[in-house]
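# An overview of the molecular structure
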Amino acid sequence: MTLDVREITPRERHALIFRQFLDLAPGESMRLVNDHDPKPLYYQLMAEYPGQAGWEYVESGPEVWQVRITRLTR
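To start, this report covers the structure provided alongside it. (Residues numbered from 1 in each chain as written. Predicted model: local features only at pLDDT ≥ 70, side-chain atom pairs only at ≥ 80, totals over all residues. Heavy atoms only, no water.)

### Thoughts on the pattern of salt bridges
Opposite charge on two side chains permits pairing when their charged atoms draw close. All chains considered together, the criterion is met by four salt bridges. The partner of aspartate 4 in a salt bridge is arginine 6, with the nearest N and O atoms 2.5 Å apart. According to the relative accessible area criterion, arginine 6 is partly exposed, its value standing at 32%. Its salt-bridge partner being glutamate 56, residue arginine 68 comes within 2.8 Å of it at the nearest N-O pair. Of this pair, arginine 68 sits in strand β4 (residues 65–71) while glutamate 56 sits in strand β3 (residues 53–60); the two residues are 12 residues apart in sequence, bridging distant segments of the chain. Given the relative accessible area of 28%, arginine 68 is considered partly exposed. (Salt bridge = Lys/Arg side-chain N within 4 Å of Asp/Glu carboxyl O. Buried < 20%, exposed > 50% of the residue type's maximum accessible area, 1.4 Å probe, protein only. Helix = DSSP H or I, 4+ residues; strand = E, 2+ residues; numbered from the N terminus.)

### Considering the packing of aromatic side chains
Across all of its chains, the model carries six aromatic pairs by this definition. Both rings, one in phenylalanine 18 and one in tyrosine 49, keep their centres 5.9 Å apart while their planes meet at 35°; by these two values the pair is tilted. Residue phenylalanine 18 is found in helix α1 (residues 10–23), and its partner tyrosine 49 is found in the loop between α2 (39–48) and β3; the two are separated by 31 residues along the sequence. The buried category is assigned to phenylalanine 18, whose relative accessible area is 9%. The rings of Tyr42, Tyr43, Trp55, Tyr57 and Trp65 are connected pair by pair, giving a single aromatic cluster. Over the aromatic face of tyrosine 42 sits the side chain of lysine 39, whose NZ or CZ is 5.0 Å from the ring centroid. (Phe/Tyr/Trp six-rings, centres within 6.5 Å; stacked < 30°, edge-to-face > 60°. Lys NZ or Arg CZ within 6 Å of the ring centre and 35° of its normal.)

### Topic: the nonpolar core
In terms of nonpolar packing, the biggest core is built from 16 residues, with Ile17, Phe21, Leu41, Leu45 and Ile69 touching the most fellow members. Elements with a minimum of two residues in this core: α1, β2 (29–34), α2, β3 and β4. At four residues, the largest contribution of residues to this core is made by α1. Filtering out sequence-adjacent residues up to four positions away, leucine 41 remains in contact with His14, Ile17, Phe18, Leu32, Trp55 and Ile69. (Core = buried A, V, L, I, M, F, W, Y, C linked by side-chain atoms within 4.5 Å. Contact = heavy atoms within 4.5 Å.)

Next up, the structure:
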């Protein structure tokens, strides 16, 4: 699944991404497409769901950033 948040209002992005992450079964991934480095999202995800998420950059800007987020456990 690909979640492109570039056209989503910035204040609504994290809530949408977290909802999609929580819907993933262990072992499933989603590809996040963003217009900037989503590093703040990484820190929030790791703090709220320690040990439950994998994070891998697929594309690192400068205009498009893509990250594979994997649900490791529940």
